[in-house]
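These are the residues of each chain, in order.
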Amino acid sequence: MSGNLKQKWVFKGIYEFEDSTGSMIAARVPQHQSADLFDNTVVVVRPNQCVIFVYKGKIADVLGPGTHTLSTENMPLLTRLANWKYGFRSPIRCELWFFSGSLFLSRRWGTHQPVIHSFNEGNIQVRAFGNYSFRIIKPAQLLLKIIGNRTSLVVAEVEEWIQGYIVQNFATALQGIQSVSELGIQQKEVSKKLTQGLQKHLGGIGISVSDVQVLSLLPPKEVLQALDSQAAMQLVGDKREYLLYKAANSLDAVHESGSNDPMQLMMGMMLGKSIMGADYHQKETRQMPQIASKLTECTHCKAENSFQSKFCGQCGKELKS
């Protein structure tokens, strides 16, 4: 190869884009200037990529995967816009935009702050998190409507848009859930509503969101504990026995943890004592009619005495059995 030919080939150049990090959606090549296109300039478009030629602010041509050697035959629109009488023998400055068509999987979303929803049990806070996937389906629309004068577009920027939409519309997706106990079985329906909303919201700018998954949909910890207690009481059937069970468990937990906290021990013992005291009071109350029915009346002063007494406690006379 002669020196002149080699210099000519280097001047014309080869344009390609490779992102080893997988974080780039679109990039202009070269980044800070336009490309100089000549006849036989080579543009390498990798699998799942496309390249858009922008000439004087207008989209000229779009090329898919492959190695493309530019000429007036395979770039008719760009040739017509530039009004090249001599084809690509004279240089033209044009922006080259490389877009990734890959599916960006398992992007995370979550509610940084809880969302208040009105259940039958009252207004309760709900937190959620999950995954979603997205891809670019209309790169030309994304370039014209979003990218503008940027030199690149990264995945993190799109993630912020999607995260903001999900948080903004999460309360609407919860509509129709009547009880806290329905949150688990309604996760699929909430996912469906969020996916449909995102498709409608982002489809107009060339982004397709799919597989929005709600992996967790939970109320606060205190609400979950209350639900567990309610379910346990229903299972045991007797509130007193359930409270005794809780008191015994709390004392066992203190013993197993090796804690000598006197406050925990005292609370457990007081709970058990109050329950046992209440139980004794109920038992005594139930026995009172039986005791009353066994009283003995004194025949002399008509005072009532215990059936076990032999003498009247009022007048001291002997009681007749």
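In the block above lies the structure referred to throughout.
Not measured: the values here are computed from a predicted model.

Enquirer: Please provide a residue-by-residue account of the overall build of the protein, values included.
Expert: Counting its regular elements, the protein contains eight helices and 15 strands. Of all 321 residues assigned to the protein, the portion counted as buried reaches 34%. For the protein, the share of sequence-separated contacts (at least 6 apart) that also reach a separation of at least 24 residues comes to 64%.

Enquirer: Mind laying out unusual backbone geometry, listing which residues take part and the relevant values?
Expert: Cis peptide bonds are those with omega within 30 degrees of zero, and the linkage from V29 to P30 qualifies with -10°. With respect to the element layout, P30 can be found in the loop between β2 (24-29) and β3 (35-37). At N48, a position not held by glycine, the phi torsion is positive, near 65°. Mapping N48 onto the fold places it in the loop between β4 (42-45) and β5 (49-55). Residue N48 is classed as partly exposed on the basis of its relative accessible area, which comes to 47%.

Enquirer: Would you mind going over the state of the cysteines in detail, with residue names and values included?
Expert: Across all of its chains, the model carries zero disulfides by this definition. C312 supplies the cysteine sulfur nearest to C301, a cysteine that is in no disulfide, at a spacing of 3.5 Å. Looking at C312, the relative accessible area reads 5%, which means it is buried.

Enquirer: Could you give an account of the sheet that holds strand β1 (residues 14-16), with specific residues and numbers?
Expert: Spatially, the three strands line up as an open sheet ordered β1-β4-β7, and their pairing is mixed. On the outer flanks of this sheet lie β1 and β7 (66-69), each paired with one strand and no other. Geometrically, the sheet is characterised by an average inter-axis angle of 20° between neighbouring strands, direction not taken into account. Summarising the sheet, β1 and β4 pair through three bridges and their orientation is parallel. Residue pairing in the sheet places Y15 in a bridge with V43 of β4.

Enquirer: Could you give an account of the side chain of S100, naming the residues involved and the relevant values?
Expert: Here S100 lies in strand β8 (residues 92-100). For S100, the side chain forms a polar contact with the main-chain nitrogen of S102, separated by 3.3 Å. When near neighbours in sequence (up to four residues on either side) are disregarded, S100 contacts M24, I25, N48 and I136.

Enquirer: Can you tell me about the pairing of β8, naming the residues and giving the values?
Expert: A large share of β8 lies buried, amounting to seven of its nine residues. Two strands pair when backbone bridges link them, and β2 and β8 are joined in this way by four bridges, in the antiparallel orientation. Bridging from a neighbouring strand, A26 pairs with F99 of β8. Here three bridges tie β3 to β8, and the two strands are oriented antiparallel to one another.

Enquirer: Tell me about the pattern of salt bridges, and name the residues and values.
Expert: Pairs may arise between side chains of opposite charge once their charged atoms sit close together. Applying the stated criterion across every chain yields a total of six salt bridges. Here R46 makes a salt bridge to E16, at a shortest N to O gap of 3.1 Å. Residue R46 is found in the loop between β4 and β5, and its partner E16 is found in strand β1; the two are separated by 30 residues along the sequence. Exposure remark for R46: the relative accessible area of 28% places this residue in the partly exposed category. Looking at E16, the relative accessible area reads 39%, which means it is partly exposed. Of the charged contacts, one joins E157 and R150 as a salt bridge, the two residues approaching to 2.4 Å between their closest N and O atoms. Owing to a relative accessible area of 25%, E157 belongs among the partly exposed residues under this scheme. Under the relative-accessibility criterion, R150 is labelled partly exposed at 29%. If you follow the salt bridges from partner to partner, you end up with E16, E18 and R46 in one network.

Cut-offs applied
- Residues numbered from 1 in each chain as written.
- Predicted model: local features only at pLDDT ≥ 70, side-chain atom pairs only at ≥ 80, totals over all residues.
- Heavy atoms only, no water.
- Helix = DSSP H or I, 4+ residues; strand = E, 2+ residues; numbered from the N terminus.
- Buried < 20%, exposed > 50% of the residue type's maximum accessible area, 1.4 Å probe, protein only.
- Contact = heavy atoms within 4.5 Å.
- Disulfide = S-S within 2.5 Å.
- Pairing = 2+ DSSP bridges.
- Axes fitted to C-alpha atoms, helices over the stretch in contact; angles between N-to-C directions.
- Polar contact = N/O pair within 3.5 Å; in protein donor to acceptor, adjacent residues only side chain to side chain.
- Salt bridge = Lys/Arg side-chain N within 4 Å of Asp/Glu carboxyl O.

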